[in-house]
Amino acid sequence: MKLTLTTPVSQITRVGKTTADRLKRLEIETVNDLIFYYPWRWEDLSKISKISELKTGELSTIKVKIQLLSSRRSLAKRKILTEGLVADESGSLKIVWFNQPFLAKTLQIGDEVYFSGKVDFGRYGFQMTNPVYEKVTNGSTTHTARIVPIYPLTHSLTAKQIRFLIKSALVAVDQVVDFLPPEIITSYRLMSLSEALRQIHFPDNQQLLDQAIRRLKFNELFLFELRVMINRSEIRQETAEVVLFKEQETKDFISQLPFSLTNDQRKAAWQIISDLQQSRPMNRLLEGDVGSGKTLVALLAMLNVARNEKQSVLMSPTEILASQHYQTISKLFSNSNIKTGLLTRSQKLINNEKVSQSKMLSGINSGEVKIIVGTHALIQESVKFNSLALAVIDEQHRFGVTQRKHLRENSGNSATTPHLLSMTATPIPRSLALALYGDLDLSIIREMPKERKKIITKLVEGSKRNEAYEFIRQQIDQGRQAFIICPLIDPSDTLGVRSVTEEYERLSGTVFSDLTISMLHGKLKSMDKERIMADFLANKSKILVATSVVEVGVDVPNASVMLIEGADRFGLAQLHQFRGRVGRSSYQSYCFLVSEQNSQKTAARLRAMVSAKDGFELAELDLELRGPGEVYGTTQSGFPEFKLATLTDYRLIQEAKIAAEGIVKKDNRLDGYPDLKYKLKDFLALVHPE
């Protein structure tokens, strides 16, 4: 049977219903899915060593003949023990497998076989335990004696099975359409798509693997940049409501604030207010460290919109954050006649008074409520605005074309598009932000308000963890609260780092057994997360043990200590985000970075957390120190999630951006590139780059 890209995996040889169901868990249902199921790393087993050259603990491959082979039951551990003796011209070696009795039938005395594994010193001398094996044939190898792909696996699927299936699927690889225009492939010296797909799975050598990775990363970045450029082109053709600058009202508002604006806040506010005076929709990203005063800058813009008798919305990722923003806004606008509203799943308020859903919707639709704060519940069919001129999106770097369309359709004037201001506390180096988000204008607040105290940051060796616990207890005795961050949800034998579940059990059972401790992680339901965070905010629990789910989020002024376990496992930008959860009030705050790693590189990275002036400096340092790794958390709100490309593939991002710009200038509807047009649509459905 000839395989095509749409052939179901169940029709591939040796795939039964059970295996097909297991593959479905990995979202693999067709031959095409198999081809695009990339390895997450590779092991170089291509160098064939002699038995006499083997070293303890090193991963090696040998080509040997089987001299003896037998299975027996181990009395001590009640396991089936399969033992073999293999030899080459330089010597012999014992091979041991546990609980694999079928090997005595699969392999025969006299077979020539490749074995890949580590040699250790057993009771009877050197031995290789549970090695990967493959019989020597005239064809190319799949599991040994080459650069071997290692794939993400699911329950009961083996690495050998996945490799066998992908090798079977690759017979159809030439049917994959190469959607990149030929001029781009030539200009950027890219490998053909079919060859890149072959080499990413079963590379002939390291150089060809590097070329394959480069080509497939370029695909992802080019499609992302293409969407950015088309988006920019479309927005430039739209019109927006002109919002005139109300100078006196703005000055009066600023004069009654209990603090002075920083120069960066003034500059950013003026850039935004200038944009609002244009008939072309604003599309601006406001970057600033946690606590730098971004919300106030957005409020100055919203004030001007309200004084122009138009509406603005502020959207937050969570109900708690929306509620906190609303409290800030209603406090600052308490002396004005501007009506403010809060709309979330559980709360409907107008000027701090509870109202019914119908009254809330009526207030928005009539234009009576000028400033509306909420979650993405604001983008619903039932929410009809009267004159929406500005949408402010908090902690969502990109706001989708679809959501924009919803806002335009429900704005009260379908002929205009609301101005858009995105805000983020994630420090992105300026050069990277411009490359990634070329359709957004950029405003940056680096200056912190003078009343903010610098968070005292210290590195803590794992052995001195108890001293940090003692300090946390002292802070709690003074009425404060603490965060403890762990890299994982559940325990892992392989990574050797602390998990939220085991830390929660340990701390609540022994170290802080007399205190109320709560646990927060990404697997919890949204409502449970909101409840746990609300309880912590209300000081009902003293310590919150959490994963990176708290990276972007709620303001807990009473929390003064942040302890981060496995700090070496996070990027500097991410650590900076965690640290920003404390230091939100006049209390002196502290951040302890706990690491079991002693390498110089790790120490240098973590020391930067102590010395760097701000998040932007840290982000630049992270790009430098970590190289082409993952700088930002993979689940970081708003960042595109690619299969291969990362935000540190800076040069490739720039190349992809230039290539995409060239195509859009030539043909922004992509009518002359039908394969590319189809692929872009397919890509957007998978990646959600907005």
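Structure: above.
A quick note: this is a predicted structure, and the numbers were derived from the prediction, not measured. (Residues numbered from 1 in each chain as written. Predicted model: local features only at pLDDT ≥ 70, side-chain atom pairs only at ≥ 80, totals over all residues. Heavy atoms only, no water.)

All right, on to the pairing of strand β15 (residues 371-374) then. Neither face of β15 is open: one carries Ile371 and Val373, the other Ile372 and Gly374, and all of them are buried. In this sheet, β15 lies alongside strand β11 (residues 311-315) in parallel orientation, the contact comprising 4 bridges. Directly across from Val313, in β15, lies its bridge partner Ile372. Where strand β12 (residues 340-343) lies against β15, 4 bridges are found, and the strand directions are parallel. Among the inter-strand pairings, Leu342 is bridged to a residue of β15, identified as Val373. (Buried < 20%, exposed > 50% of the residue type's maximum accessible area, 1.4 Å probe, protein only. Helix = DSSP H or I, 4+ residues; strand = E, 2+ residues; numbered from the N terminus. Pairing = 2+ DSSP bridges.)

Quick look at the sheet that holds β11 now. By definition, the strands of a sheet pair up through backbone hydrogen bonds, in either a parallel or an antiparallel sense. The strand order β14-β13-β12-β15-β11-β16-β17-β10-β18 describes an open sheet built from 9 strands, whose pairing is mixed. The open sheet has two edge strands, β14 (353-354) and β18 (441-445), and neither has a second partner. Set on the sheet, helix α10 (residues 294-307) makes contact with β10 (283-288), β11, β15, β16 (388-394), β17 (419-424) and β18; between it and β16 the angle comes to about 170 degrees. Strands in contact with helix α11 (residues 319-332) are β11, β12, β13 (348-350), β15 and β16; relative to β12, the strand with the most contacts, it is inclined by about 170 degrees. (Contact = heavy atoms within 4.5 Å. Axes fitted to C-alpha atoms, helices over the stretch in contact; angles between N-to-C directions.)

This part is about the nonpolar core. In this structure, Ile35, Ile184, Leu197, Phe218, Phe222, Leu226 and Leu676 are the most contacted members of the largest nonpolar core, which totals 77 residues. Per-element tally for this core: the top contributor is helix α7 (residues 206-236), with 13 residues. The contacts of Leu676, once residues within four sequence positions are left out, are Phe179, Pro181, Phe222, Leu223, Leu226, Ile663 and Leu670. (Core = buried A, V, L, I, M, F, W, Y, C linked by side-chain atoms within 4.5 Å.)

Across all of its chains, the model carries 15 aromatic pairs by this definition. A centroid spacing of 5.7 Å and a plane angle of 75 degrees characterise the contact between Tyr469 and Phe512, whose relative ring orientation is edge-to-face. One end of the pair, Tyr469, is in helix α15 (residues 465-477); the other, Phe512, is in the loop between α16 (500-511) and β21 (517-520), and 43 residues separate them in sequence. Like Tyr469, the residue Phe512 is buried in the burial classification. An aromatic cluster is present here, built from Trp97, Phe115 and Tyr133 joined pairwise through their rings. For the cation-ring pair, Lys160 lies above Tyr133, with the distance from its terminal atom to the ring centre recorded as 3.6 Å. (Phe/Tyr/Trp six-rings, centres within 6.5 Å; stacked < 30°, edge-to-face > 60°. Lys NZ or Arg CZ within 6 Å of the ring centre and 35° of its normal.)

Read from one edge to the other, the open sheet built from 6 strands follows the order β19-β24-β23-β20-β22-β21, with strand pairing classed as parallel. In this open sheet, the two edge strands, each paired with only one partner strand, are β19 (456-461) and β21. Between one strand axis and the next, the sheet turns by 20 degrees as a mean value, whatever way the strands run. Note that strand β23 (residues 559-564) and strand β24 (residues 590-595) share 4 bridges and pair parallel. Pairing of Met562 across the sheet is with Cys591, part of β24.

Every buried residue of helix α1 (residues 17-25) is listed here: Thr19, Ala20 and Leu23. All buried residues of α1 project into a common sector of 100 degrees when viewed along the axis, lining one side. Exposed and facing more than 90 degrees away from the buried side of α1 are Lys17, Lys24 and Arg25. Backbone geometry just after α1 places Glu27 at a positive phi near 60 degrees. (Arc of directions from axis to C-beta.)

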